[in-house]
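Close look at the chain arrangement
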Amino acid sequence: MDDNGAVDRASLKKLVDYHVASGTVAIVSVGTTGESATLSHDEHGDVVVMTLELADGRIPVIAGTGANATSEAISLTKRFHGTGVVGCLTVTPYYNRPTQEGLFQHFKAIAEHTDLPQILYNVPSRTGCDMLPETIARLSEVKNIVAVKEATGNLSRVSQIQELVDDKFILLSGDDASSLDFMQLGGRGVISVTANIAAWEMAQLCALAAQGDFAAARRLNQRLMPLHQKLFVEPNPIPVKWACKALGLMATDTLRLPMTPLTDTGQAVMERALKQAGLQ
């Protein structure tokens, strides 16, 4: 956002260029860190399309398309047909806390209205709704549901899900602090908050894990651990936006209400974390 709270195209371009140069594999546009909760429906679509334009084919773009009403999630998904996005990341419905059968029917209905690959997103700490491994397994049988972003931080979920799904189904971590352990247990990567300010380091971490060099990956991860943890000293994306500004990746750290700027105490915590990670 710029100083007036409008979408800042120049800063978005800088962020996209940063990720391309750093070796990031793909960008999720308008996820939680992308402030989906405070964008209007029109802005949501516009930001994804703007991200595609700025990426200009240099890096794949995944659209955030989650909603707590199935019809709204379907509408958002259809908005990106033919735009060039490579898939959609769809969070479990928040606040209304559906049953496991409700979750199954929700994601199945979305998938049946699109040919775009679908990534399930389970983050009960933010939604109040936990999609269990058995439900993920049922959904993995839907042809274009191809992956899950599992952000519980519960590493036992990796083996629980793996036992129930086909080997082609992709498990991605949504929790930076446990992501290396997640990958060592068989996960394929991480949709990361830390990568917004340490993109090269997170790309290297994932590459080392993919190569099986977990000793080197763990050394790098240990240096990043203060960031993994302190980026949540206040609710995401408050700390990471402040850090993006501090590192020159964005012009401002403006947020829309009800999100408020990082406090002085939070700033001191983040300054220490950036220094410990070698970013300042």
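The rules we used
Residues numbered from 1 in each chain as written. Predicted model: local features only at pLDDT ≥ 70, side-chain atom pairs only at ≥ 80, totals over all residues. Heavy atoms only, no water. UniProt positions renumbered as here; feature names shortened; annotations may be inferred. Core = buried A, V, L, I, M, F, W, Y, C linked by side-chain atoms within 4.5 Å. Buried < 20%, exposed > 50% of the residue type's maximum accessible area, 1.4 Å probe, protein only. Helix = DSSP H or I, 4+ residues; strand = E, 2+ residues; numbered from the N terminus. Contact = heavy atoms within 4.5 Å. Pairing = 2+ DSSP bridges. Axes fitted to C-alpha atoms, helices over the stretch in contact; angles between N-to-C directions. Right-handed = clockwise from strand over helix to strand, strands pointing away.

The chain is annotated in an unreviewed UniProt entry as 4-hydroxy-2-oxoglutarate aldolase, mitochondrial from Rhodnius prolixus. Under the heading Sequence similarities (unreviewed entry), UniProt records this for the chain: "Belongs to the DapA family." One UniProt comment on the chain, placed under Pathway (unreviewed entry), says "Amino-acid biosynthesis; L-lysine biosynthesis via DAP pathway; (S)-tetrahydrodipicolinate from L-aspartate: step 3/4."

Our next topic: the nonpolar core. By size, the foremost hydrophobic cluster in this structure holds 34 residues, and its most contacted members are I197, L227, L231 and M270. Residue assignment for this core shows that the elements contributing at least two residues are α1 (9–22), α8 (179–184), α9 (199–211), α10 (214–230), α11 (238–246) and α12 (264–276). When residues in this core are grouped by element, the largest group, six residues, is from α10. Counting residues in each nonpolar core, the second largest holds 24 residues, with I74, F104, I145 and I161 among its members.

What follows covers the UniProt feature "binding site: pyruvate" (unreviewed entry) in the chain. Per the UniProt annotation, the sites labelled "binding site: pyruvate" (unreviewed entry) are T33 and I191. In summary, the annotated positions, though distributed over 159 residues, converge in three dimensions, the widest C-alpha pair being only 10.6 Å. Assignment of secondary structure puts T33 in the loop between β1 (27–29) and α2 (41–55). Following the sequence through the fold, I191 ends up in the loop between α8 and α9. Beyond its immediate sequence surroundings of up to four residues, I191 is in contact with V28, L89, K149, L172, S173 and G174.

Let's shift gears to unusual backbone geometry. Along the chain, N236 connects to P237 via a cis peptide bond; the corresponding omega equals 10 degrees. In this fold, P237 is placed in the loop between α10 and α11. Cis peptide bonds are those with omega within 30 degrees of zero, and the linkage from L257 to P258 qualifies with 15 degrees. Mapped onto the elements of the fold, P258 is located in the loop between α11 and α12. Not every positive phi belongs to a glycine, and E35 is a case in point at roughly 60 degrees. Along the chain, E35 turns up in the loop between β1 and α2.

Here we have six strands laid out as an open sheet, ordered β1-β2-β3-β4-β5-β6, and parallel in their pairing. For this open sheet the edge positions go to β1 and β6 (170–173), each flanked by a neighbour on one side alone. Within the sheet, the average angular offset between the axes of one strand and its neighbour, ignoring direction, is 25 degrees. As paired strands, β1 and strand β2 (residues 61–64) are joined by three bridges and run parallel to one another. Among the inter-strand pairings, S29 is bridged to a residue of β2, identified as A63.

Annotation from UniProt places "site: Part of a proton relay during catalysis" (unreviewed entry) at T32 and Y95. With respect to the helices and strands, the residue T32 is situated in the loop between β1 and α2. Once residues lying within four places of it in the same chain are set aside, the contact partners of T32 are Y121, R126, N236 and P237. Tracing the sequence through the fold places Y95 in the loop between β3 (87–91) and α4 (100–112).

Turning next to the pairing of strand β5 (residues 145–150). For β5, the buried fraction is high: five of the six residues fall into the buried class. Pairing of strand β4 (residues 118–122) with β5 involves five bridges; the strand directions are parallel. Its bridge partner lying in β5, L120 is registered against V148. Pairing analysis gives four bridges linking β5 to β6, with the strands arranged parallel. When the sheet's bridge partners are listed, K149 is paired in β6 with L172. For the crossover from β5 across helix α7 (residues 156–162) to β6, the handedness is right-handed.

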